[in-house]
Amino acid sequence: MKTTLSICFLTLVSQASAMNPIPLPEHPRPDFERRPWVNLNGTWRFAFDAEDVGEAQRWFEPGKHTFDREIVVPFPWESRLSGIADTEYRGVAWYAREIEIPTGDGWQAKHPWLVIGACDWEAKVWVNGQLVGEHIGGYVPFAVNLAPHAQPGSKAFVVIRAMDITDPQQPVGKQVNWYTRTSGIWQSVYLEPRGAVHIENLRFTCRPNLAEPEADCPIQYDVTLNEAAADASVELFVNNQSVGHGGAKVAGVVAKPRLWHPDAPHLYDARLVVKVGDTVVDEVQSYFGIRTIGTMTAPGRDYKYITLNGEPIYLRGALHQSFHPEGIYQYPDDASVRGDYEYCKKIGLNFLRIHIKTPIPREIYWADKLGVLIMSDIPNYWKHTPQAQAWWEQALRGAVARDFNHPAIFAWCDFNETWGIGDGKYGPDRHAWVADMYHLTKQLDPTRLCEDNSPCR
């Protein structure tokens with residue numbers, strides 16, 4: 001009976017793949033999108049490597065290993081949607097796929113970069129037998145430049161080695177004690193074109209004049225380029241109108257700003273164009289919402305309220321586990337993500353705390369788009385060690401860097417109770433480290449939950 005059910009399930013997965021060959025075809029990051037791009041979700045060749053012999057046997061070289069299984073990316077190998085559905089295996093697994101390096105409009109004079117949205121926990125990437133990148137951490141994207149290893153129009157053999165033993169020092173959150181583990185690639189994989197000089201990160205801030213709502217609103221993007229170029233410049237477009245030029249800081253003005261609020265979640269389209277001399281070398285599509293977050297003692301009360309746009313807001317919310325029975329950490333499709341947030345609005349919620357998980361970016365996008373405030377957790381570890389502290393801090397930095405620009409996020413939640421940090425003994429050293437991490441969070445992002453009603457952003 002077990003075998004029959006497995007065969008039936010694999011048949012259904014194959015049929016579903018034939019009808020929709022690219023799962024989650026939408027760009028995974030509407031807040032940081034380059035065009036054109038190539039979605040690499042779908043069927044990859046796959047193999048477990050329980051003895052961890054793949055590197056020694058050079059499985060990463062074309063023709064060296066016959067990958068005996070297939071997996072549907074971007075679903076973790078424990079999930080049913082992956083086609084593997086192995087909830088017991090911990091260790092090394094390999095992904096392989098031949099891809100074509102794009103040519104044509106938008107790719108000329110650009111480097112093709114391979115972006116992996118998230119791979120839990122360790123990853124190594126080879127292209128045509130050459131090691132091109134390594135990454136540790138299970139929640140945020142990393143990327144590798146394929147240009148030195150494959151020519152435009154050629155085929156490239158991409159191999160990714162993933163290892164996840166779900167070490168209790170890792171920031172795994174509820175994977176261990178409550179829900180099914182998540183291992184391997186679990187967010188979208190894609191190609192995008194970047195110039196030799198390109199944007200690595202963006203930080204948006206705004207300073208609306210709450211006392212004069214009709215006043216023009218100064219906005220600013222802090223732009224991090226991958227390398228310094230003396231004649232590099234950045235131009236900012238808002239709703240297709242050029243509003244500012246600059247370098248590391250690009251300032252502009254929005255006339256008569258419409259503030260973002262759960263009852264009216266207005267977003268502005270943004271585009272940042274990088275030039276070296278007169279040549280456009282990079283372009284990133286994004287969006288932003290204008291709003292402020294703060295705190296204040298409400299009139300007639302002796303306790304503080306969170307404020308949105310200078311006014312106290314009553315939070316009506318829920319704890320959102322953000323797990324799905326078919327995809328575990330990943331949703332089966334974008335409609336399911338949107339449906340969760342539409343349901344929140346339908347039943348009168350204006351706030352969710354995403355619990356012990358750094359969510360997929362499109363989840364926060366729908367919160368921005370539909371108007372749901374988000375408190376975003378940093379996943380906890382379960383064994384307190386210096387390594388656990390280092391990995392947790394890395395997870396914090398990665399989450400803030402990736403998600404800083406989302407107007408829906410009004411707070412970071414560093415720790416859930418004493419989970420993990422209470423392992424063994426919760427003594428003065430732990431207290432000091434927790435305090436240090438609180439101050440680090442405020443240093444990384446001073447814009448959220450400011451004191452005394454000073455506007456944060």
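Residues numbered from 1 in each chain as written. Predicted model: local features only at pLDDT ≥ 70, side-chain atom pairs only at ≥ 80, totals over all residues. Heavy atoms only, no water.

Draft legend 1. Looking closely at the overall build of the protein chain. On a plain count of helices and strands, the protein chain comes out with five helices and 26 strands. Computed over its C-alpha atoms, the radius of gyration of the protein chain comes to 23 Å, within 12% of the 23 Å expected for a compact globule of 457 residues. Looking at the 457 residues of the protein chain, the share that counts as buried comes to 54%. A separation of at least 24 residues holds for 72% of the contacts in the protein chain among residues at least 6 apart in sequence. (Helix = DSSP H or I, 4+ residues; strand = E, 2+ residues; numbered from the N terminus. Rg over C-alpha atoms; globule rule 2.2 N^0.38 Å. Buried < 20%, exposed > 50% of the residue type's maximum accessible area, 1.4 Å probe, protein only. Contact = heavy atoms within 4.5 Å.)

Draft legend 2. Looking closely at the nonpolar core. If you look at the biggest cluster of nonpolar residues, it comprises 51 residues, and the most contacted ones within it are Tyr341, Ile374, Trp392 and Trp433. Looking at this core element by element, the count peaks at six residues for helix α4 (residues 386-403). Not counting the four nearest positions on each side in its chain, Trp433 is found in contact with Tyr381, His384, Gln389, Trp392, Phe415 and Ile421. Listed in part, the 41 residues of the second largest apolar core include Trp77, Trp94, Ala96 and Val127. (Core = buried A, V, L, I, M, F, W, Y, C linked by side-chain atoms within 4.5 Å.)

Draft legend 3. Layout of the pairing of strand β18 (residues 268-276). Pairing geometry for strand β15 (residues 232-238) and β18, over seven bridges, is antiparallel. In the sheet register, Val234 faces β18, and the bridge partner there is Val274. Bridging between β18 and strand β19 (residues 279-288) involves nine bridges; their strand directions are antiparallel. Paired with Tyr268 across the strands is Phe288, a residue of β19. From the end of β18 to the start of β19, which pair antiparallel, there are two residues, and Gly277 there has a positive phi angle of about 70°. (Pairing = 2+ DSSP bridges.)

Draft legend 4. The arrangement of the sheet that holds strand β20 (residues 293-297) in detail. Spatial strand order, β20-β21-β22: three strands in an open sheet with antiparallel pairing. On the outer flanks of this sheet lie β20 and β22 (311-312), each paired with one strand and no other. Relative to β22, strand β21 (residues 304-308) runs antiparallel, the two sharing two bridges. Residue Leu308 lies in a different strand from β22, and its bridge partner there is Glu311.

Draft legend 5. Structural view of the packing of α4 against helix α5 (residues 428-444). At a minimum axis distance of 11 Å, the contact between α4 and α5 shows a crossing angle of 20°. Comparing their axes, α5 and α4 come out roughly parallel. Crossing handedness for the pair α4 and α5: right-handed. Residues Gln389, Trp392, Glu393, Leu396, Arg397 and Val400 of α4 pack against Trp433, Met437, Leu440, Thr441 and Leu444 of α5. (Axes fitted to C-alpha atoms, helices over the stretch in contact; angles between N-to-C directions. Parallel < 35°, antiparallel > 145°, perpendicular 65-115°, else oblique. Left-handed = near helix turned anticlockwise from the far one by under 90°.)

Draft legend 6. Main features of the pattern of salt bridges. Under the definition given, this model contains 20 salt bridges. For Arg29, the salt bridge identified is with Asp31, shortest N-O distance 3.2 Å. Since its relative accessible area comes to 13%, Arg29 is described here as buried. According to the relative accessible area criterion, Asp31 is buried, its value standing at 4%. Connected through salt bridges with shared partners, the residues Arg34, Glu192, Arg194 and Asp282 form a single ionic network. (Salt bridge = Lys/Arg side-chain N within 4 Å of Asp/Glu carboxyl O.)

Draft legend 7. Examining the environment of Glu26 more closely. Secondary-structure assignment places Glu26 in the loop between α1 (2-19) and β1 (38-39). For Glu26, a relative accessible area of 29% corresponds to the partly exposed category. Taking C-alpha positions, Glu26 is 21 Å from Asn201, a pair spaced 175 residues apart along the chain. Setting aside residues up to four positions removed in sequence, Glu26 forms contacts with Trp37, Asn39, Asp334 and Arg362.

Draft legend 8. Representation of unusual backbone geometry in the model. Here the residue pair Arg35 and Pro36 is connected by a cis peptide bond, since its omega of -5° sits within 30 degrees of zero. Mapped onto the secondary structure, Pro36 falls in the loop between α1 and β1. Val73 connects to Pro74 through a cis peptide bond whose omega is 20°. As for its position among the elements, Pro74 is in the loop between β3 (69-73) and β4 (91-100). Phi is positive for Asn128, close to 50°, though the residue is something other than glycine.

Draft legend 9. Fine view of the confidence of the model for the protein chain. The predicted model of the protein chain averages 93 in pLDDT, with 94% of residues at 70 or higher. Per-residue pLDDT stays below 50 along residues 1-18; that stretch engages in seven contacts with residues further than four places along the chain or on separate chains. (pLDDT = per-residue confidence, 0-100.)

Draft legend 10. Here's a closer look at the packing of helix α2 (residues 334-346) against helix α3 (residues 361-370). The N-to-C vectors of α2 and α3 enclose an angle of 40°; their axes lie 9 Å apart at closest approach. Classed by the angle they form, the pair α2 and α3 counts as oblique. The element α2 and its partner α3 pack so that their crossing is right-handed. From α2, Asp334, Val337, Arg338, Tyr341, Glu342 and Lys345 reach across to α3, where they touch Arg362, Glu363, Trp366, Ala367 and Leu370. In terms of residue class, the contact of α2 with α3 is made up of five nonpolar, no polar and six charged. (Nonpolar A, V, L, I, M, F, W, Y, C, P; charged D, E, K, R; others polar.)

Draft legend 11. Here's a closer look at the packing of aromatic side chains. Under the counting rule described, the total for this entry stands at 32 aromatic pairs. A ring pair is formed by Trp59 and Trp94, whose centres lie 5.6 Å apart and whose planes are at 55°; its orientation type is tilted. One end of the pair, Trp59, is in the loop between β2 (42-49) and β3; the other, Trp94, is in strand β4, with 35 residues separating them in the sequence. For Trp94, a relative accessible area of 0% puts it in the buried group. Pairing Tyr179 with Phe323 gives two aromatic rings, centres 4.3 Å apart and planes at 25°, and the pair type is stacked. On the criterion of sequence distance, the pair formed by Tyr179 in the loop between β10 (155-164) and β11 (184-185) and Phe323 in the loop between β23 (317-320) and α2 is long-range, its members being 144 residues apart. Taking the relative accessible area as the measure of exposure, Tyr179 reaches 30% and is therefore partly exposed. (Phe/Tyr/Trp six-rings, centres within 6.5 Å; stacked < 30°, edge-to-face > 60°.)

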